[in-house]
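Listed here are the chains, written in short residue letters.
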Amino acid sequence: MTLLRGFSFLPADTFAPGPQSGVNSGNGEPISANGSTGPFEGQPVQGFSEYPKQ
């Protein structure tokens, strides 16, 4: 059995300082997905996960 000792999360719209992102989806239009449309202020922060140590 695995015991969850803690939990943290980042909102989907978490951005780090940097140039705008989501300006061009590859077809010259801003990225649009999941109810959000670019450009976004800054760079998206990627999610992460960790498996418990055995």
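Structural data are supplied above this passage.
Residues numbered from 1 in each chain as written. Predicted model: local features only at pLDDT ≥ 70, side-chain atom pairs only at ≥ 80, totals over all residues. Heavy atoms only, no water.

Enquirer: How do you make sense of the overall build of the protein chain when you look at a structure like this?
Expert: When helices and strands are counted, the protein chain shows zero helices and four strands. Relative to the compact-globule value of 10 Å for 54 residues, the protein chain shows a C-alpha radius of gyration of 16 Å, a clear excess of over 25%. With the principal axes as the frame, the protein chain shows a C-alpha extent of 50 × 20 × 20 Å. Considering only contacts in the protein chain between residues 6 or more positions apart, those separated by 24 or more positions represent 40%. Per element, the accessible surface of the protein chain, about 5,100 Å² overall, is 55% carbon and sulfur. (Helix = DSSP H or I, 4+ residues; strand = E, 2+ residues; numbered from the N terminus. Rg over C-alpha atoms; globule rule 2.2 N^0.38 Å. Contact = heavy atoms within 4.5 Å. Areas by Shrake-Rupley, 256 points an atom, 1.4 Å probe, with all protein chains shown as cover.)

Enquirer: Help me understand a nonpolar patch on the surface, please; the structure alone is not making it clear to me.
Expert: On the surface, a cluster of nonpolar side chains totalling about 460 Å² of accessible area is made up of Leu4, Phe7 and Phe9. With respect to the helices, strands and loops of the structure, Phe9 is situated in the segment before strand E1 (15-16). (Patch = residues over 30% accessible without salt bridge, like charges linked within 9 Å, V, L, I, M, F, W, Y side chains within 5 Å. Salt bridge = Lys/Arg side-chain N within 4 Å of Asp/Glu carboxyl O.)

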